[in-house]
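For reference, the chains in residue letters:
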Amino acid sequence: MSTIDLSCRVGDLTCKNPLIAASGTFGFGREMSRFFDLGVLGGVVSKGVTVKERRGNPPHRIAEAPGGMLNAVGLQNPGIEKVIKEDLPWLIKQDTKVIVNAAGDDLGDYVKLAEALNGVGIDAIELNLSCPNVKTGCMAIGSEPALIEEVTRACKEIADVPIWVKLTPNVTHIGDMAKAAEAGGADAVSLINTLLGMRIDIRTKRPVIRNNTGGYSGPGVFPVALRMVHECFKAVNIPIVGLGGIMSAEDVVEMMLAGASAVQVGTATLLDPYTMPTMIEALPSVLESIGATSVSEIVGQMRPW
Ligand SMILES: Cc1cc2nc3c(=O)[nH]c(=O)nc-3n(C[C@H](O)[C@H](O)[C@H](O)COP(=O)(O)O)c2cc1C
């Protein structure tokens, strides 16, 4: 039996281990519970939820890409009221932290979502200021430091749980975006959302994805995510939740060395539903192999040249 301590803290939130399911790749958890007990996970982030139901973008919404995939689902979800009534009660009963990913068109939407989630029993809200697949809000807000700060502050004033701000990599200086979230009172930042990409069918000359562009995710984005997590680690004092292309326990350790206090796993779960439990099982021996006795002691311990 390993004596390695896997527990980790993201601000006031303590997770039993640093592996959290990423938004949009785990639904609201129920389907995934057919594969394993969600209680093994550090946490689950829900699919992005909006004020009103959204039917998402027309097909095709997904395309293959070297080292990963493109998606333009377009935030399909039943809307906050239904999610609170039908999905969250089940998820909250699982022995894991529950984080709701909230997405809006404007400040008013984010405030409504934060209000609606008060008293529901979740552990944190992740403000999705980074979805590249919808026409308004989201990534437009997440590319403007002043708007990031305004939305974060407004939600922080209302919410009874910690606020995480999910950042887009489709900016030049991600550290400035993290600083804006910190200035607005965010408890943590999570990054990265997907990189804006495109594929073209050479016979029809049309983009493969009906939305023309889509978000690129998977192992191909991992080096970009690592670099951005480290930039944010240097820029802010709030914790960072790192994601983007994590495929193995070694990747988890690399992401934490770059500065992440916890990680999320997305596309890897779409390839293999057991990937997170497998990583959790492998993590103690990877930590042992580098002489660590706990997962928290490696956060930000990369030694730059
Ligand atoms: C099919 C799909 C749907 C996604 N939906 C959401 C979403 O609703 N909200 C969100 O913040 N991110 C969403 N994402 C982005 C992921 O949460 C994650 O930030 C990104 O895919 C990078 O991590 P990965 O390489 O481990 O997948 C989605 C990603 C995929 C592949």
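Look up a bit, the structure's there.
Just so we're clear, the structure is a prediction, and the values are computed from it rather than from any experiment.

### Quick notes on the overall build of the protein
Inference 1: In terms of helices and strands, the protein carries nine helices and 16 strands.
Inference 2: Each principal axis of the C-alpha distribution contributes one length, and for the protein these read about 50 × 50 × 40 Å.
Inference 3: Taken over 305 residues, the protein has a buried fraction of 56%.
Inference 4: A sequence separation of at least 24 residues applies to 72% of the contacts in the protein between residues at least 6 apart.
Inference 5: About 13500 Å² of surface is accessible on the protein, with carbon and sulfur atoms providing 52% of the total.
Inference 6: Between the mean site of the 27 positive side-chain charges and the mean site of the 33 negative ones, the protein shows a separation of 8 Å.

### A word on the site of the ligand
Inference 1: Taken together, 22 residues sit near the ligand, with Ser 23, Lys 47, Lys 166, Gly 245 and Thr 267 positioned nearest.
Inference 2: Taking Asn 101, its side chain carries an N or O atom lying 2.9 Å from an oxygen atom of the ligand.
Inference 3: Contact distances for the ligand include 2.7 Å between an oxygen atom and a backbone N or O atom of Gly 245.
Inference 4: Within the complex, 96% of the 610 Å² of free accessible area of the ligand lies under protein.

### Regarding the environment of Phe 35
Inference 1: Residue placement: Phe 35 occurs in the loop between β3 (19–21) and β4 (43–45).
Inference 2: With 238 residues separating them along the chain, Phe 35 and Pro 273 place their C-alpha atoms 7.0 Å apart.
Inference 3: Those residues in contact with Phe 35, other than ones at most four positions away along the chain, are Pro 273 and Tyr 274.

### Brief notes about the sheet that holds strand β6 (residues 68–71)
Inference 1: Taken in spatial order, the four strands line up as β5-β6-β14-β11 in an open sheet, and their pairing is antiparallel. Of all strands in the sheet, those bounded by a partner on one side alone are β5 (62–65) and β11 (195–197). Within the sheet, the average angular offset between the axes of one strand and its neighbour, ignoring direction, is 35°.
Inference 2: Where β11 lies against strand β14 (residues 214–217), three bridges are found, and the strand directions are antiparallel. For Leu 195, the partnering residue across the bridge sits in β14 and is Tyr 216.

### Details of the pairing of β6
Inference 1: Sheet topology places β5 next to β6; four bridges connect them, and they run antiparallel. For Ala 63, the partnering residue across the bridge sits in β6 and is Leu 70.
Inference 2: Between β5 and β6, which pair antiparallel one after the other, the connecting turn spans two residues, and Gly 67 there sits at a positive phi close to 70°.

### Observations concerning the packing of helix α2 (residues 107–116) against helix α4 (residues 145–158)
Inference 1: At a minimum axis distance of 9 Å, the contact between α2 and α4 shows a crossing angle of 25°. Our classification of the angle between α2 and α4 gives roughly parallel. In the packing of α2 onto α4, the handedness of the crossing is right-handed. Contacts between α2 and α4 involve Leu 107, Tyr 110, Val 111, Ala 114 and Glu 115 from the former and Glu 150, Val 151, Ala 154, Cys 155 and Ile 158 from the latter.
Inference 2: Considered class by class, the residues forming the contact of α2 with α4 number eight nonpolar, no polar and two charged.

Each value, and the rule that gives it
- Residues numbered from 1 in each chain as written.
- Predicted model: local features only at pLDDT ≥ 70, side-chain atom pairs only at ≥ 80, totals over all residues.
- Heavy atoms only, no water.
- Helix = DSSP H or I, 4+ residues; strand = E, 2+ residues; numbered from the N terminus.
- Buried < 20%, exposed > 50% of the residue type's maximum accessible area, 1.4 Å probe, protein only.
- Contact = heavy atoms within 4.5 Å.
- Areas by Shrake-Rupley, 256 points an atom, 1.4 Å probe, with all protein chains shown as cover.
- Lys, Arg positive; Asp, Glu negative; His and termini not counted.
- Charge placed at Lys NZ, Arg CZ, Asp CG, Glu CD.
- Near = heavy atom within 4 Å.
- Polar contact = N/O pair within 3.5 Å; in protein donor to acceptor, adjacent residues only side chain to side chain.
- Pairing = 2+ DSSP bridges.
- Axes fitted to C-alpha atoms, helices over the stretch in contact; angles between N-to-C directions.
- Parallel < 35°, antiparallel > 145°, perpendicular 65-115°, else oblique.
- Left-handed = near helix turned anticlockwise from the far one by under 90°.
- Nonpolar A, V, L, I, M, F, W, Y, C, P; charged D, E, K, R; others polar.

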